[in-house]
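Below, each chain spelled out in residue letters.
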Amino acid sequence: MESFLFKFACFDCRVSFKKPATNNIKEYSAHLPEAVLSHKCMICGNKMAFMGRQFQSPQKSDLSGWKSAQLLWEHGFRFVGNGFHNSPALPKKKPDTLAFISENKDHNQKVSFSVDWEVYKAIT
Ligand SMILES: [Zn+2]
């Protein structure tokens, strides 16, 4: 079942884990915009953010990288798909990210709604 695992992240602890997103194999897709299942961070207990299959966790010390990932996620970007599309690659550093978000409103990987991490993480 390894291939059916997706990345979930906690932006506060700066960790990500591979977890199932659904128990229904028919719902599985590399383009899945949101998880059906929710998971809590094993460190702090926050509800973890669903990142998509392709998310590559920044180093724990890479604060800019994690802030970038959080901003993208909060604006509905997910690390979905198979990597083959015409939209520009998602930025990996915070200084590039806000401009990227405003310039890429129709991006291929913008597949979900905007959400505030501070609100989302407390949902039980
Ligand atoms: Zn956490």
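Cut-offs applied
Residues numbered from 1 in each chain as written. Predicted model: local features only at pLDDT ≥ 70, side-chain atom pairs only at ≥ 80, totals over all residues. Helix = DSSP H or I, 4+ residues; strand = E, 2+ residues; numbered from the N terminus. Rg over C-alpha atoms; globule rule 2.2 N^0.38 Å. Buried ≥ 20, exposed ≤ 12 C-beta atoms within 10 Å, placed from the backbone. Contact = placed C-beta atoms within 7 Å. Core = buried A, V, L, I, M, F, W, Y, C linked by C-beta atoms within 7 Å. Expected span 1.5 Å × (residues − 1). Arc of directions from axis to C-beta. Axes fitted to C-alpha atoms, helices over the stretch in contact; angles between N-to-C directions. Parallel < 35°, antiparallel > 145°, perpendicular 65-115°, else oblique. Left-handed = near helix turned anticlockwise from the far one by under 90°. Pairing = 2+ DSSP bridges.

Trainee: Looking at this structure, I do not really get the overall build of the chain. What am I missing?
Mentor: For the chain, the helix and strand inventory stands at 3 helices and 3 strands. Ordering the α and β elements of the chain from the N terminus gives β-β-β-α-α-α. Taken over the C-alpha trace, the chain has a radius of gyration of 14 Å; the compact-globule value for 124 residues is 14 Å, and the two agree within 12%. Across the 124 residues that make up the chain, the buried fraction comes to 29%. When contacts within the chain are restricted to residue pairs at least 6 apart in sequence, long-range pairs at least 24 apart make up 68% of them.

Trainee: Honestly, the nonpolar core in this entry has me stumped. Any pointers?
Mentor: Grouped burial of nonpolar side chains is what soluble globular proteins tend to show. Judged by nonpolar contacts, the single largest core of 21 residues is most densely connected at Phe 8, Ala 9, Met 48, Ala 49, Phe 50, Met 51 and Trp 73. For this core, the elements supplying multiple residues, two or more each, are strand E1 (5–10), strand E3 (49–52) and helix H1 (63–74). For Phe 8, the contacting residues outside a window of four places in its chain are Ser 16, Phe 17, Lys 19, His 39, Met 48, Ala 49, Phe 50 and Met 51.

Trainee: Help me understand H1, please; the structure alone is not making it clear to me.
Mentor: The α-helix advances 3.6 residues per turn, and as a result positions three or four apart in sequence lie on the same side. For H1, with 12 residues, the first-to-last C-alpha span of 16 Å sits near the 16 Å given by 1.5 Å per residue. All of the buried residues in H1 are Gly 65, Trp 66, Ser 68, Ala 69, Leu 72 and Trp 73. Viewed end-on, H1 has its buried residues packed into an arc of 155 degrees, placing them on one side of the element. Note on H1: the residue one or two positions beyond its end, Gly 76, has a positive phi of about 90 degrees.

Trainee: Explanation requested: the packing of H1 against helix H2 (residues 94–103) in the structure shown.
Mentor: Where H1 meets H2, the closest approach of the two axes is 8 Å, and the angle between their N-to-C directions is 15 degrees. The angle between H1 and H2 falls in the class roughly parallel. Crossing geometry of H1 relative to H2 is assigned as right-handed. Along its contact with H1, which presents Ser 64, Lys 67, Ser 68, Leu 71 and Leu 72, the element H2 presents Lys 94, Thr 97, Leu 98 and Ile 101.

Trainee: Would you explain the pairing of strand E2 (residues 15–20) in this entry?
Mentor: Every other side chain in a regular strand lies on the same face of the sheet, so the side chains alternate between the two faces. Where E1 and E2 come together, 6 bridges link them in antiparallel fashion. Counterpart to Leu 5 in the pairing with E2 is Pro 20. Where E1 hands over to E2, the hairpin turn is made up of 4 residues, of which Arg 14 adopts a positive phi near 55 degrees.

From the geometry alone we can't say anything about function, so treat these as descriptive.
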